[in-house]
Amino acid sequence: MTPESVSGLDAYTPQQVADRVNAFCIAKAQMPLLTLAMLGMLAGAFVGLGALMFALVSSDASLGFAVSRLLGGLAFSLGLILVTVAGAELFTGNNLLAMAWASGCVSTRDVLRNWFVVCVTNFIGALGLALLVWLSGYAAMNDGAVGSTVVAVAMTKAGLPAIEAFFRGILCNVLVCMAVWMGLAGRSVVDKAVAIVFPITAFVAAGFEHSVANMYYFPMAMLLGAPLGWDDVARNLTVVITGNLVGGSVLVALVYYSIYLRPAAMRANAVATTLGKEPGC
């Protein structure tokens, strides 16, 4: 029985997913600057739409705590589904570039360039969406409860101790990168959506910290009059981004590199050395 038959004809095997992730990461690292920036802005807006939906669901006081968190997480999944299916460049998902870096297929400079450009443009996209949503009067829905929910979410995030925000950032991006990883195991839109929904719902329901979602919540809350300053935003994002990097790059990308790609790379390098050739990706 082949690995493909064990996993099912409609899904890639874990080894194939690792190869696909590596190839995707190489392509991301080589993307032209303008394309990367535009796709980064789209991703910021897409995740902002997911955050918008979470606030809408959470503003319903008739829902119990667990039900509200689960339904809010389900609604938030819209963001990563849009990123994955429609196409966009999301900083947290791009932390998987550490796999291609460990494989020697992309340089440190290429990885840092991608992360910096995508992170900045994610913020621009999230900020732009927040402005559009504020101008639309969305916050007045449910007798103003939607706007109050956004402000409450942002204030809670701003008040998190740094150590809690850091570890919540780690846990968040483990789940986000697992959602991206499993999405690449699917061949159809339905496959990808199903793979994405459960990890994303879990991280949102558990209250973990997603840097790009915070890039939407803070500006939106400030537009609604929340007593927050840009120093509060910078303090939270610095810690959460660092946690996201550790969770996605170390606990997902480098772990799976060690399991699936490192052994294959060692064998390929041994063969190349024997044949007197340069090892490649």
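A short tour of the structure in this document, coming up.

Thresholds, definitions, all that
Residues numbered from 1 in each chain as written. Predicted model: local features only at pLDDT ≥ 70, side-chain atom pairs only at ≥ 80, totals over all residues. Heavy atoms only, no water. Salt bridge = Lys/Arg side-chain N within 4 Å of Asp/Glu carboxyl O. Helix = DSSP H or I, 4+ residues; strand = E, 2+ residues; numbered from the N terminus. Buried < 20%, exposed > 50% of the residue type's maximum accessible area, 1.4 Å probe, protein only. Core = buried A, V, L, I, M, F, W, Y, C linked by side-chain atoms within 4.5 Å. Contact = heavy atoms within 4.5 Å. Phe/Tyr/Trp six-rings, centres within 6.5 Å; stacked < 30°, edge-to-face > 60°. Lys NZ or Arg CZ within 6 Å of the ring centre and 35° of its normal.

1. What to know about the pattern of salt bridges
Thinking step 1. This structure, assessed with the given rule, holds five salt bridges.
Thinking step 2. In this structure, the salt-bridge partner of Glu164 is Arg168, at a minimum N-O distance of 3.6 Å. Taken together, the residues span about one helical turn, with Glu164 and Arg168 both in helix α10 (residues 162-183) at a distance of four residues.
Thinking step 3. Accessibility expressed as a relative area gives 36% for Glu164, which makes it partly exposed.
Thinking step 4. Using a relative accessible area of 28% as the deciding quantity, one classes Arg168 as partly exposed.
Thinking step 5. Note that Arg235 and Asp232 form a salt bridge whose closest N and O atoms lie 3.1 Å from each other. Remark: Asp232 and Arg235 occur in helix α13 (residues 230-275); sequence separation between them is three residues, near one turn of the helix.
Thinking step 6. Classification of Arg235 as partly exposed rests on a relative accessible area of 47%.
Thinking step 7. In the salt-bridge network here, residues are joined through shared partners; they are Asp231, Asp232 and Arg235.

2. So, the nonpolar core
Thinking step 1. Phe76, Ile200 and Tyr216 are the most contacted members of the largest nonpolar core, which has 76 residues in total.
Thinking step 2. Per-element tally for this core: the top contributor is helix α3 (residues 33-58), with ten residues.
Thinking step 3. Apart from the residues lying within four places of it in its own chain, the contact partners of Tyr216 are Gly48, Ala51, Leu52, Ala126, Leu129, Ala130, Val133 and Tyr138.

3. Structural notes on the packing of aromatic side chains
Thinking step 1. Enumeration over the complete set of coordinates arrives at six aromatic pairs.
Thinking step 2. Seen in terms of ring centroids, Tyr256 and Tyr260 are 5.9 Å apart; in terms of plane orientation they differ by 15°. Their pairing is stacked. Highlighted residues: Tyr256 and Tyr260, both in helix α13, separated by four residues, approximately one helical turn.
Thinking step 3. Grouping aromatic residues by their ring pairs yields a cluster made of Trp181, Tyr256 and Tyr260.
Thinking step 4. Positioned over the ring face of Tyr12 is Arg20, at 4.2 Å from the centre of the ring.
Thinking step 5. Directly above the aromatic system of Tyr12 lies the positively charged group of Arg187, at a separation of 4.0 Å from the ring centroid.

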